[in-house]
Amino acid sequence: MNIIFLTSAMSDADFVEYSTKADIKPNPSNQNFYNKLIKCLSLTNRVYAVSLRPFCKGMFQENELGEKRGIEGTVSYYYPKVSTSKSYKMTKLPKDIAETIKNIIHEEQLDSFVILVDTLRFGLIKAAKTIRKTYRCKIIGVVTDNPQNLSNVKKSYVKSVIKSSSELDGYICLTQRLNKIFNKTNKPNYILEGIVEDIEKEKKLPIGDYIFFGGALYERYGVKTLIEAFHKIDNKVNLVIAGSGELKKYIYEMTTKDKRILYLSQVEKKMIYSLEQNALLNINPRPYSLTLDNESVPSKLIEYIASGAPTMSTNHSTLRSLFPEDVIWITNFDVNGIASALKEYLDKPDHDEDIKKAASARVRVYDLYGFNTQSNSLSTFIESIRVDAIN
């Protein structure tokens, strides 16, 4: 089956190069999820990824990046031109993306194909619908978040995104709530809470015992609370932080006050996996909210569980129901609550039982979200929609 995937994700190598050169770092969370989904689908399908690279003023010296191509495994990556110009984004961009798709269809001589598209990218949705009119193909929306939860977006943008994405032929959603928001006409849907790729054991970095957090560095994700909580406890274990975001300056300041806090900035995926696998404890401090509980699944938490190292997290209903005993769940996510949970864990004479539970959780998470499991199930779902287009 041929899949044309419209996304903002890049190949791993291209993302590393892009992030290294960028003055404003792109969000690795979106990249990681979509890159893994693309790899997963490529196990049993031919995937052509058309990537609308994240690009804004100040990211590079240039205000425009030309088109290019790349390849990763069996996946071909196509990068259309991107510009900071608002008029270009609203008018020319969808046409250029549609033209890129037409070139793929012509060059690869595709008789039939399905389009998968990130529903949060208005330009990608518009391009996908242009192609559907011409080729009578099916479009499946991939829904990873409610646009209302994004930072600094207008209500008009939220409405336009949901409206443009509510007329597709099927949906792959992280949660049932997201499916209800986008899938207004009860089209076929597939709930995919997360996905994990097979990772080899990485060597431990020479940084002693440590607690690890990796991700977007924002106060609303509980990162500042975690640092303040860690600073309160008396222990020789380090706190290693990797990522980028608005708290970078604050974290740098805290590293001078507390030598146990090590900040590595945003690092490549292979190092992240090493840090997760060899941590004394991985921690997800994101405060619980009913809205986020219903509309998102913390992909970082799933990645922590897949590492095989002990994991501590604030509550998430779905994942807690799947891993009730294998994750250390904390319900009090203020400074004192996290400090108390960390102290209790670190004061244990040994962590043998926690390590056993973490190993059990790792097996379980791969059974649920591993490439082999999800590739077969997702392909069956997508194929059923593709066949409907032929009939």
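A quick note: this is a predicted structure, and the numbers were derived from the prediction, not measured.

### Structural notes on the sheet that holds strand β9 (residues 170-173)
Pairing within the open sheet is mixed, and its eight strands lie in the order β4-β5-β2-β1-β7-β8-β9-β10. The open sheet is flanked by β4 (68-72) and β10 (189-191), the only strands paired with a single partner. In this sheet, adjacent strand axes meet at a mean angle of 20° when their direction is disregarded. The pairing of strand β2 (residues 46-51) with strand β5 (residues 75-79) spans three bridges and is classified as parallel. Within β5, the position partnered with Ala49 by the bridge is Tyr77. In this fold helix α2 (residues 28-42) packs onto β1 (2-7), β2, β4, β5, β7 (114-118) and β8 (138-143), with an angle of close to 175° to the strand it touches most, β1. The sheet contacts of helix α3 (residues 86-108) involve β1, β2, β4 and β5, and relative to β2 the element is tilted by about 155°.

### Some thoughts on the sheet that holds strand β14 (residues 281-284)
One open sheet accounts for six strands, arranged β13-β12-β11-β14-β15-β16; its pairing is parallel. In the strand order of this sheet, the two ends are held by β13 (261-263) and β16 (328-330), each with one partner. Neighbour to neighbour, the strand axes of the sheet diverge by 20° on average, direction disregarded. Strand direction decides the pairing type here: β14 and strand β15 (residues 311-314), joined by three bridges, are parallel.

### So, the side chain of Arg260
Its location among the elements puts Arg260 in the loop between α8 (248-257) and β13. Within the structure, the side chain of Arg260 is placed 2.8 Å from the side chain of Asp258, a separation counted as a polar contact. Those residues in contact with Arg260 that sit more than four places away from it in its chain are Phe230, His231, Ile233, Asp234, Asn235, Val237, Asn238 and Leu239.

### Quick word on empty space enclosed by the protein
What the rule picks out here adds up to four cavities of 30 Å³ or more. In terms of lining residues, the largest cavity is bounded by Asn284, Arg286, Pro287, Tyr288, Ser289, Leu292, Asp293, Pro298, Thr314, Asn315 and His316. When the residues that make up the lining of the largest cavity are grouped by side-chain class, the tally is four nonpolar, five polar and two charged. Here the second largest cavity defines a volume of roughly 40 Å³.

### As for the confidence of the model for the protein chain
The predicted structure's coordinates, where accompanied by low pLDDT, should not be read in detail. For the protein chain, the mean per-residue pLDDT works out to 92, and 99% of the residues sit at or above 70. Ranking the elements of the protein chain by mean pLDDT puts helix α5 (residues 155-164) last, at 85, and β14 first, at 98.

### Some words on the nonpolar core
Of all hydrophobic cores here, the largest spans 86 residues; its most connected members are Ile4, Phe5, Leu6, Leu37, Leu41, Ile115 and Leu116. No other element matches α3, which puts seven residues into this core. Not counting the four nearest positions on each side in its chain, Phe5 is found in contact with Tyr34, Leu37, Ile38, Leu41, Val47, Tyr48, Ala49, Val50, Leu116 and Val142. Formed by 36 residues, the second largest nonpolar core is a distinct cluster that contains Ile211, Ala229, Tyr304 and Ile330.

### Comments concerning the environment of Arg136
You can see Arg136 is positioned in the loop between α4 (122-135) and β8. With 24 residues separating them along the chain, Arg136 and Ser112 place their C-alpha atoms 9.3 Å apart.

### What about the pattern of salt bridges?
Under the criterion given, the structure shown has 20 salt bridges. With a shortest N-O distance of 3.3 Å, Lys129 and Glu167 are connected by a salt bridge. With Lys129 in helix α4 and Glu167 in the loop between α5 and β9, the pair connects residues that are 38 residues apart, well separated along the chain. The class for Lys129 is buried, based on a relative accessible area of 17%. With a shortest N-O distance of 3.4 Å, Glu276 and Lys300 are connected by a salt bridge. Of this pair, Glu276 sits in helix α9 (residues 269-277) while Lys300 sits in helix α11 (residues 299-307), and the two are 24 residues apart along the sequence. In the salt-bridge network here, residues are joined through shared partners; they are Asp12, Lys39, Glu197 and Lys269.

### Some words on the pairing of strand β12 (residues 238-242)
Burial analysis of β12 places five of its five residues in the buried class, which makes it a mostly covered element. Residues Asn238, Val240 and Ala242 of β12 are buried on one face, and the alternating residues Leu239 and Ile241, pointing to the opposite face, are buried as well. Sheet topology note: the strand β11 (residues 210-214)/β12 ladder contains five bridges and is parallel. Following the sheet pairing, Phe213 is matched in β12 by Ile241. At this point the chain moves from β11, through helix α7 (residues 223-232), to the parallel β12, and the crossover so formed is right-handed. Relative to β13, β12 is paired through three bridges, and the arrangement is parallel. Note that in β13 the partner of Ile241 across the bridge is Tyr263. Regarding the hand of the β-α-β motif, the stretch spanning β12, α8 and β13 is right-handed.

About the criteria used
- Residues numbered from 1 in each chain as written.
- Predicted model: local features only at pLDDT ≥ 70, side-chain atom pairs only at ≥ 80, totals over all residues.
- Heavy atoms only, no water.
- Pairing = 2+ DSSP bridges.
- Helix = DSSP H or I, 4+ residues; strand = E, 2+ residues; numbered from the N terminus.
- Axes fitted to C-alpha atoms, helices over the stretch in contact; angles between N-to-C directions.
- Contact = heavy atoms within 4.5 Å.
- Polar contact = N/O pair within 3.5 Å; in protein donor to acceptor, adjacent residues only side chain to side chain.
- 1 Å grid on protein atoms, 1.4 Å probe; cavity = no way out; pocket = protein on both sides within 12 Å on 5 of 7 lines; lining within 4 Å.
- Points joined across faces, edges and corners; volume = space filled by probe spheres on them.
- Nonpolar A, V, L, I, M, F, W, Y, C, P; charged D, E, K, R; others polar.
- pLDDT = per-residue confidence, 0-100.
- Core = buried A, V, L, I, M, F, W, Y, C linked by side-chain atoms within 4.5 Å.
- Buried < 20%, exposed > 50% of the residue type's maximum accessible area, 1.4 Å probe, protein only.
- Salt bridge = Lys/Arg side-chain N within 4 Å of Asp/Glu carboxyl O.
- Right-handed = clockwise from strand over helix to strand, strands pointing away.

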